[in-house]
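# Fold and contact review
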Amino acid sequence: MTMKIAVLGGTGLIGSQVVKILQNVGHEAVPHSLSTGVDLLTGHGLTEALTGAEVVVNLTNSPTFDDASPAFFQTTMDNLLAAAGSAGVGHAVVLSIVGVDQVPDLAYYRAKVLQEDILKAGPVPYSIVRATQFFEFVEAILSWTADDTTVRLPSTPVQPMAAADVAQAVADVSMGAPLQGIRNVAGPDVFGLDELGRITLAARGDQRTVTTDDNAGMFAAVPGDVLIASDDAVLAPTAYREWLGRQS
């Protein structure tokens with residue numbers, strides 16, 4: 001059955017790929033974002049975007065990762081669920097983070113937990129896709145604690161995955177019945193973040209040295225192996241070294 005699926009944040013890294021996947025299998029997937037005239041913070045354009053939609057996928061993200069992020073998710077989710085409820089949308093899908101509820105020291109993670117909780121308590125049947133960190137963000141993570149000669153990284157275990165695999169997971173869930181729960185998805189391999197840094201720099205021919213520093217960067221606040229997927233997670237097919245090889 002062909003469905004109309006509204007994809008908020010549909011022009012971004014994940015959203016644009018979700019739209020393409022859904023369209024390729026015959027669904028009417030419509031991308032919405034600020035650039036198309038839909039503003040979740042004000043609600044402008046939201047009613048029109050959701051008219052006739054059976055499913056809404058929310059991939060919008062806070063512009064900051066600090067203490068301002070909870071207010072962003074509170075406002076945008078309140079607006080989304082009010083509009084979706086009025087429009088009779090039957091399924092709301094949100095992308096979140098594996099282990100997000102186990103990292104209370106990070107403001108952005110607390111904000112994402114708030115987003116999940118608002119969705120769970122709302123009037124629309126829902127699904128939450130929790131993904132691990134994206135391959136595409138590794139370079140940015142390295143830059144947070146780098147200088148001209150050294151990159152300092154904690155040994156925090158991570159299980160990253162390709163954005164294309166994240167998009168496929170979100171699309172798969174959006175085409176199915178509401179989970180009324182969470183689906184965890186992750187990459188096939190676990191690395192220490194410092195090890196991941198060394199692999200990345202070597203593949204880039206970057207001569208900088210990675211120094212293990214368990215107080216460096218945002219992920220230093222992550223306890224233990226909470227960013228590693230649980231046994232029930234769906235493992236994505238793309239390995240990091242394979243993906244790196246395709247980038248050069």
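Just so it is clear, the model here is predicted, and its values are computed rather than measured.

Right, let's talk about the overall build of the protein for a bit. Each helix and strand counted, the protein has eight helices and 11 strands in total. For the protein, the C-alpha atoms occupy an extent of roughly 55 × 35 × 35 Å along the three principal directions. Counting over 248 residues, the protein shows a buried share of 50%. When contacts within the protein are restricted to residue pairs at least 6 apart in sequence, long-range pairs at least 24 apart make up 82% of them.

Let us now look at the side chain of Thr200. With respect to the helices and strands, Thr200 occurs in helix 7 (residues 193-204). For Thr200, the contacting residues outside a window of four places in its chain are Val138, Glu139, Leu142, Tyr240 and Leu244.

This part covers the nonpolar core. One finds Tyr109 and Tyr240 to be the most contacted residues of the largest nonpolar core, which totals 31 residues. When neighbours within four sequence positions are excluded, Tyr109 is seen to be in contact with Ile97, Val100, Val103, Gln133, Phe219 and Leu227.

Attention now goes to the packing of helix 7 against helix 8 (residues 240-247). Packed helices, taken two at a time, are described by the angle between their axes plus the distance between the axes. Contact pair helix 7 / helix 8: the axes reach a minimum separation of 10 Å and the direction vectors enclose 25 degrees. Relative to helix 8, the element helix 7 lies roughly parallel. The handedness of the crossing between helix 7 and helix 8 is right-handed. Packed against helix 7, whose contacting residues are Leu196, Ile199, Thr200, Ala203 and Arg204, the element helix 8 presents Tyr240, Arg241, Leu244 and Gln247 at the interface.

Below, the discussion takes up helix 8. Of all the positions in helix 8, only Tyr240, Trp243 and Leu244 are classed as buried. In a view along the axis of helix 8, the buried residues occupy a sector of 100 degrees, so they form one face of it. Contacts made by the buried residues of helix 8 are with helix 5 (138-143), strand 9 (191-192) and helix 7.

Here the focus is the pairing of strand 4 (residues 91-97). Across the seven residues that make up strand 4, a large majority, seven, are buried. Burial along strand 4 is two-sided: His91, Val93, Leu95 and Ile97 facing one way and Ala92, Val94 and Ser96 facing the other are all buried. The sheet contact formed by strand 3 (residues 55-58) and strand 4 spans four bridges and is parallel. Within the sheet, the bridge partner assigned to Val57 lies in strand 4 and is Val93. The parallel pair strand 3 and strand 4, bridged by helix 3 (residues 69-87), forms a crossover whose chirality is right-handed. Bridge count for strand 4 against strand 5 (residues 126-131) is six bridges, and the pairing is parallel. Bridging from a neighbouring strand, Leu95 pairs with Val129 of strand 5. Tracing the backbone out of strand 4, into helix 4 (residues 107-121) and back to the parallel element strand 5 gives a crossover that is right-handed.

Moving on, we get to the pattern of salt bridges. Under the defined criterion, the tally for this structure stands at eight salt bridges. When the shortest N-O distance is used, the salt bridge between Asp194 and Arg198 registers 3.8 Å. With a gap of four residues between them, Asp194 and Arg198 both fall in helix 7, about one helical turn apart. With a relative accessible area of 9%, Asp194 lands in the buried category.

The rules we used
Residues numbered from 1 in each chain as written. Predicted model: local features only at pLDDT ≥ 70, side-chain atom pairs only at ≥ 80, totals over all residues. Heavy atoms only, no water. Helix = DSSP H or I, 4+ residues; strand = E, 2+ residues; numbered from the N terminus. Buried < 20%, exposed > 50% of the residue type's maximum accessible area, 1.4 Å probe, protein only. Contact = heavy atoms within 4.5 Å. Core = buried A, V, L, I, M, F, W, Y, C linked by side-chain atoms within 4.5 Å. Axes fitted to C-alpha atoms, helices over the stretch in contact; angles between N-to-C directions. Parallel < 35°, antiparallel > 145°, perpendicular 65-115°, else oblique. Left-handed = near helix turned anticlockwise from the far one by under 90°. Arc of directions from axis to C-beta. Pairing = 2+ DSSP bridges. Right-handed = clockwise from strand over helix to strand, strands pointing away. Salt bridge = Lys/Arg side-chain N within 4 Å of Asp/Glu carboxyl O.

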